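Structural features, examined
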Amino acid sequence: MNRRQFFRSAAVGAAVARFPNVLGAKAAKYDLIVKGGRVIDPSRKLDAVRDVAIADGRIAAIAANITADAETIDAHGKLVVPGLIDIHTHAARMKDWPAMCLADGVTGLIDAGSQGADHIADPIANAKSAPQPCRVLINIGRAGILPDGDTMDINRADVAAAREAIGRNRDMIAGVKARLSRDVAGPNDFEVLKRAQEVASSFQLPVMIHMGQTMSPLSKLFPLLKSGDVVTHMFAPPPNSIVDDDGHILPEVMAARKRGVRFDLGNGRSGHLRWDMADSILKAGFLPDTFSTDWTPEGRTSGVIDFPNVMSKFLMLGMPLDHVIACATINASHAFPVFHDRGTLKVGAPADVAVLELREGSFEFADNFGNNRTGRQRLFPSATVLGGKRVASRG
Ligand SMILES: [Zn+2]
């Protein structure tokens, strides 16, 4: 050992004495280890059997055979993926609904436009008390979702009221929702979207549009979308779907994707997802950026069931497993700043983890039009870790 090597090793020795954890896994102290699962983390292109060690609420190490004196979750035979992020739900309508999604593996939530300026305080209060990070999109219709159409009366698309509401709640309002279907906005769709952009642009926020069965063609509406905006219900059937009768994606849709507009599933229960549309859109090579459930408690018993079930529909439709997981994790994390450090299992990230079971068998999946298809695989929620703590499973 020469002089320089001696000093270097002496320095390391001193550091080890003061900070024993720098020696690595053997000396490390962990709070929780998820053991023996197939870890799939598309953010790092990882797909391998690994242990995931967690300390102080963060991912501390991912390696084979981590041993330490810590609480463990046995994940043998299961998938271990980043906590799921659902960017289109209505979970903040009630105080205890976000917790229901948490048990499904959903560790990040957006309430997408349940309320407008007049009652935005209600979902914001529920989002604040949610166990997982939860933000809301403000409906451009100031009275929120209405059975006879949020903005059928165009005066409800009140720019000043929405701006004022966002100004008071910058930390909790993550964007503006514009529902554009015929039965929601009638002939006002274009004007509603224009006003939503007016509001959003004052705060550099994204707009999420609810497409499908609009009165205006998408060739008129889509040029109003900017980078970072989200199109939900991308598999909605005509009138005005994203694909033409010959199976070609509309040029305005291709252009929107190219400039950074995101395309989202928005499963929901009526009008949004039809299998033949999914077939032709996926066949055209136009894959979703993100999945979302459009969650409500009613969806738990029909159509949606839970987020892992919604993801499983795309396994049936032929999407590879790692892509399916990316749509519910890392891709979704890019859509809203609150999730930017999530959707990944990289060391140092908040320790949000979903343990899922991929079962083989015969499983029925529903679209929104009464058509069932049978798939051979389905993902089931098994355990959820939020901020390094195991949460109660669904009872
Ligand atoms: Zn919705």
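**Section: the pairing of strand β10 (residues 207–210)**
Alternating positions in β10 separate into two faces, Val207 and Ile209 on one and Met208 and His210 on the other, with burial throughout. With 4 bridges connecting them, strand β9 (residues 173–179) and β10 associate as parallel partners. Note on β10: the bridge partner recorded for Lys177 is Met208. With 3 bridges connecting them, β10 and strand β11 (residues 230–232) associate as parallel partners. Each residue of the ladder has a partner; that of Met208, found in β11, is Val230.

**Topic: the confidence of the model for the chain**
Close inspection of predicted coordinates is inappropriate in any region flagged by low pLDDT. Looking at the chain as a whole, the pLDDT averages 94, with 93% of positions reaching at least 70. Counting contacts from residues 9–25, a segment whose pLDDT is below 50, to residues more than four positions away or on other chains yields 9 contacts.

**Side note on the nonpolar core**
Counting residues in hydrophobic clusters, the biggest one holds 85 residues, and the most contacted among them are Ile209 and Phe222. Once you skip the residues sitting within four places of it in the chain, Phe222 turns out to touch Ile209, Met211, Val231, Glu252, Val253, Ala256, Arg259 and Phe263. Within the second largest apolar cluster, 18 residues are counted, among which are Leu32, Val34, Leu46 and Ala351.

**Some points on the packing of helix α10 (residues 307–316) against helix α11 (residues 321–328)**
Close contact between α10 and α11 brings their axes to 10 Å; oriented N to C, the two are set at 140°. Classified by the angle their axes make, α10 and α11 are oblique. Read as a crossing pair, α10 and α11 show a hand that is right-handed. Contacts from Phe307, Met311, Phe314 and Leu315 of α10 reach α11 at Leu321, Val324, Ile325 and Ala328. Per-class residue counts for the contact of α10 with α11 are 8 nonpolar, no polar and no charged.

**Some points on the pattern of salt bridges**
Summed over the entire model, instances satisfying the criterion amount to 17 salt bridges. For Lys226, the salt bridge goes to Asp229, with nearest N and O atoms at 2.8 Å. By relative accessible area, Asp229 is classed as buried at 0%. Between Glu357 and Arg359 there is a salt bridge, and its shortest N-O distance comes to 3.3 Å. A relative accessible area of 25% means that Glu357 is categorised as partly exposed. Shared partners join several salt bridges into a network, and the residues in it are Asp118, Arg142 and Asp158.

**Some words on the sheet that holds strand β8 (residues 134–139)**
Here 7 strands make up an open sheet; going across it, the order is β6-β7-β8-β9-β10-β11-β12 and the pairing parallel. At either end of the open sheet lies a strand with only one pairing partner, and these are β6 (84–89) and β12 (262–264). Taken over all neighbouring pairs, the strand axes of this sheet differ in orientation by 25° on average, direction set aside.

**Quick notes on the packing of helix α4 (residues 159–168) against helix α6 (residues 189–202)**
Between α4 and α6, whose axes approach to 9 Å, the crossing angle comes to 30°. Between α4 and α6, the angle falls in the class roughly parallel. Viewed along their axes, α4 and α6 form a crossing whose handedness is right-handed. Contact residues: Val159, Ala162, Arg163 and Ile166 in α4; Arg195, Glu198, Val199 and Ser202 in α6.

**Focus: the packing of aromatic side chains**
Ring pairs (aromatic) are described by centroid distance and by the angle formed between their planes. One pass over the full model with this rule turns up 6 aromatic pairs. A centroid spacing of 6.0 Å and a plane angle of 70° characterise the contact between Trp97 and Trp295, whose relative ring orientation is edge-to-face. Of this pair, Trp97 sits in helix α2 (residues 97–102) while Trp295 sits in the loop between α9 (275–283) and α10, and the two are 198 residues apart along the sequence. By relative accessible area, Trp295 is classed as buried at 2%. Taken together, the aromatic side chains of Phe222, Phe263 and Phe286 make up a single cluster linked through ring pairs.

**Thoughts on α11**
The element α11 is largely enclosed, with a buried count of 6 among its 8 residues. Residues of α11 that are buried: Leu321, Val324, Ile325, Ala326, Cys327 and Ala328. Close packing links the buried residues of α11 with β1 (32–41), β5 (79–82), β6, α10, α12 (330–333) and β13 (353–366).

**What about the side chain of Thr329?**
Here Thr329 is to be found in the loop between α11 and α12. Contacts of Thr329, omitting those with residues within four sequence positions, involve Pro42, Pro82, Gly83, Leu84, Ile85 and Gly343.

**Considering the environment of Asp352**
Here Asp352 is to be found in the loop between α12 and β13. Residues Asp352 and Leu386, 34 residues apart in the sequence, show an inter-C-alpha distance of 4.5 Å. Once residues lying within four places of it in the same chain are set aside, the contact partners of Asp352 are Val81, Pro82, Gly83, Thr107, Arg342, Leu345, Val385, Leu386 and Gly387. Reaching out from Asp352, the side chain makes a polar contact with the side chain of Arg342 at a distance of 2.7 Å.

**Comments concerning the state of the cysteines**
The final tally for this structure, using the stated rule, is 0 disulfides. Note on Cys101: no disulfide assigned, nearest cysteine sulfur contributed by Cys134 at a separation of 8.6 Å. We note that Cys327 lacks a disulfide partner, and the nearest cysteine sulfur, in Cys101, lies 19 Å from it.

**Looking at α6**
Here α6 is 14 residues long and its end C-alpha atoms lie 20 Å apart, about the 20 Å a rise of 1.5 Å per residue gives. Within α6 the residues assigned to the buried category are Asp189, Val192, Leu193, Arg195, Ala196, Gln197, Val199 and Ala200. Tucked inside the fold, the buried residues of α6 contact α4, β9, α5 (182–185), β10 and α7 (218–221). Once α6 finishes, Gln204 follows within two positions and takes phi at roughly 50°, a positive value.

What counts, and where the lines are drawn
Residues numbered from 1 in each chain as written. Predicted model: local features only at pLDDT ≥ 70, side-chain atom pairs only at ≥ 80, totals over all residues. Heavy atoms only, no water. Buried < 20%, exposed > 50% of the residue type's maximum accessible area, 1.4 Å probe, protein only. Helix = DSSP H or I, 4+ residues; strand = E, 2+ residues; numbered from the N terminus. Pairing = 2+ DSSP bridges. pLDDT = per-residue confidence, 0-100. Contact = heavy atoms within 4.5 Å. Core = buried A, V, L, I, M, F, W, Y, C linked by side-chain atoms within 4.5 Å. Axes fitted to C-alpha atoms, helices over the stretch in contact; angles between N-to-C directions. Parallel < 35°, antiparallel > 145°, perpendicular 65-115°, else oblique. Left-handed = near helix turned anticlockwise from the far one by under 90°. Nonpolar A, V, L, I, M, F, W, Y, C, P; charged D, E, K, R; others polar. Salt bridge = Lys/Arg side-chain N within 4 Å of Asp/Glu carboxyl O. Phe/Tyr/Trp six-rings, centres within 6.5 Å; stacked < 30°, edge-to-face > 60°. Polar contact = N/O pair within 3.5 Å; in protein donor to acceptor, adjacent residues only side chain to side chain. Disulfide = S-S within 2.5 Å. Expected span 1.5 Å × (residues − 1).

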